[in-house]
Amino acid sequence: MIVLALAAVTVALPSPLHPLSPQPPLGGQPIVETEGIFHRVQATTRVDVRVDARGRPFAARALQRLVVLDKGDYVFAIPAPVEDVRAAPGSESTPGQRRASILWSGFAAGRKVLAADVTFAVREAAPYLPLRIEPRGGTITLVNATSVTAGAFEADAVVRPLARYLAAVRRAAVRGAATPIGTAEITTRARPVQASVEAPLRVRGTVGGQPVDTVLGDGRPLRLSVARGDGRVRLEVTPVPPLRLLGDAPATGRALLGRVNAVLLRLARTRQYDAFLANPDPRGRTETTFVYRSGRPPKATPPAAVAPETGRSPLTTALVVAGVIAAAAAGLAVWARS
């Protein structure tokens, strides 16, 4: 009797650098112009979200701080649904603005701080916020809204090298270091599978006056219901690595491969939300914190009433129209010279 041994095949594991959806970052990837100089950039962002009594965002604002390293000129266009942008305290330059981007250009002598205070068009930014707040009856439910369907694969795998790789991923996650790219040795044919993947969220603060400190995701439920109380929320939300899934490794090769894929896909999703506003350096350190607070939307100003045109003679009407046309022409002339 002849026994045929199946040789192990080395396959690539999911990349933690690969985005699982077009957004975030808001608007997609940044545009960077270089002349042979690739600046290292460290980015930190705080996103402030105001929500109404129904939990719906009515205002969103961000403070992004970029620390540009290495000497040379830089030109960055960071996409975002921008309504307004200005220099934030501590900035060593002033940003420009387009409706769909934040613009930076200048020269860094070795280290330069660029800080932008950004007001978002909330309707365009809200669909990509990580937390959804759902008041209903006597409760408020906090929902991790980062889930997306991602492709992976399953197969039998050689345990020992895969367990070593998972341990290396855990060490990197605990230190906040870059996740190493990995491979697996499989001994059966790989079968494609689909999985729901989220960025685990650490949620801390208060809901209805009660303290909240939990993680939504990472093998835990994606929803948490809290007694409504006075209905007000004050929460700090941070994307975090899936440390719970990075715990004890499964014993079998198939289960271990499934765990590694789950971890790497969640790290990729977490990386997207950490870069809610893009970092011009795709490999640079990027962190984002989201703060949700209750508030009252500003009341819309009603349009000014127009007085009825009673008793106006044809001559008066003609003079008014002529005046409006002349004013418009003068305005256009001034604009053309500006």
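Take helix α2 (residues 159-175) next. With 17 residues, α2 should reach 24 Å at 1.5 Å per residue; the first-to-last C-alpha distance of 25 Å fits that figure. Those residues of α2 not exposed but buried are L162, Y165, L166, V169, A172 and A173. Considered in projection along α2, the buried side chains sweep an arc of 120° and stay on one side of the axis. Pointing more than 90 degrees away from the buried face of α2 are the exposed residues R160, R164, V174 and R175. On the buried face of α2, the contacting elements are β13 (183-186) and α3 (253-274). At the exit of α2 stands G176, carrying a positive phi of roughly 75°.

Before going further, it helps to spend a moment on the layout of surface pockets. Its boundaries defined by the atoms lining it, the largest pocket holds a volume of some 1100 Å³. Looking at the lining of the largest pocket, the elements that each hand over two or more residues are α2, β18 (233-239), α3 and β19 (286-294). For the lining of the largest pocket, the element with the most residues is α3, which contributes six residues. Partitioning the lining of the largest pocket into residue classes produces 19 nonpolar, eleven polar and seven charged. By volume, the second largest pocket amounts to about 310 Å³. Looking at the second largest pocket, it is lined by 18 residues, and the ones nearest its centre are G55, R56, P57, A126 and R132. Secondary-structure elements contributing two or more residues to the lining of the second largest pocket are β4 (57-69), α1 (122-125) and β10 (131-136). Among the elements that line the lining of the second largest pocket, the one with the most residues is β10, at three residues.

For the rest of this paragraph, the subject is the pattern of salt bridges. Tallying each qualifying case throughout the model produces 15 salt bridges. Between E198 and R266 there is a salt bridge, and its shortest N-O distance comes to 2.9 Å. Taken together, the residues E198 in the loop between β14 (191-197) and β15 (201-207) and R266 in helix α3 connect sequence positions 68 residues apart. Across the pair R202 and D213 runs a salt bridge, and its minimum N-O distance is 2.8 Å. Here D213 lies in strand β16 (residues 210-216) and R202 lies in strand β15, a separation of eleven residues in the sequence. Look at D213 and you get exposed, because its relative accessible area is 52%. Members of the salt-bridge network, linked through shared partners, are E154, D156, R191 and R254.

Here the focus is the pairing of strand β11 (residues 139-144). Among the six residues that make up β11, five are buried, leaving the element largely enclosed by the rest of the structure. As judged from the six bridges shared by β10 and β11, these two strands associate in the antiparallel manner. Its bridge partner lying in β11, R132 is registered against V143. Connecting β10 to the next strand, β11, in antiparallel fashion are two residues, including G137 with a positive phi near 60°. Alignment of β11 against strand β17 (residues 223-227), held across five bridges, turns out to be antiparallel.

Next up on the list: the environment of A275. Topologically, A275 is positioned in the loop between α3 and β19. With relative accessibility at 12%, the residue A275 sits in the buried group. A sequence separation of 232 residues divides A275 from A43, and the C-alpha atoms of the two residues are 8.3 Å apart. Discounting residues that sit within four places of it in the chain, A275 has contacts with P25, T286 and T288.

Position of D48 relative to the elements: it lies in strand β3 (residues 41-51). Within the structure, D48 has its side chain in polar contact with the side chain of R46 (distance 3.0 Å). For D48, the residues in contact, after removing those within four places along its chain, are A59, A60, R61, V291 and R293.

Here we take up the confidence of the model for the chain. Scored by pLDDT, the chain comes out at a mean of 89, with 87% of its residues at no less than 70. Scored below 50 in pLDDT, residues 1-5 shows zero contacts in the model against residues more than four places distant or in partner chains. Within the model, the stretch residues 309-338 combines pLDDT values under 50 with one contact to residues more than four positions away or in other chains.

Conventions and cut-offs
- Residues numbered from 1 in each chain as written.
- Predicted model: local features only at pLDDT ≥ 70, side-chain atom pairs only at ≥ 80, totals over all residues.
- Heavy atoms only, no water.
- Helix = DSSP H or I, 4+ residues; strand = E, 2+ residues; numbered from the N terminus.
- Expected span 1.5 Å × (residues − 1).
- Buried < 20%, exposed > 50% of the residue type's maximum accessible area, 1.4 Å probe, protein only.
- Arc of directions from axis to C-beta.
- Contact = heavy atoms within 4.5 Å.
- 1 Å grid on protein atoms, 1.4 Å probe; cavity = no way out; pocket = protein on both sides within 12 Å on 5 of 7 lines; lining within 4 Å.
- Points joined across faces, edges and corners; volume = space filled by probe spheres on them.
- Nonpolar A, V, L, I, M, F, W, Y, C, P; charged D, E, K, R; others polar.
- Salt bridge = Lys/Arg side-chain N within 4 Å of Asp/Glu carboxyl O.
- Pairing = 2+ DSSP bridges.
- Polar contact = N/O pair within 3.5 Å; in protein donor to acceptor, adjacent residues only side chain to side chain.
- pLDDT = per-residue confidence, 0-100.

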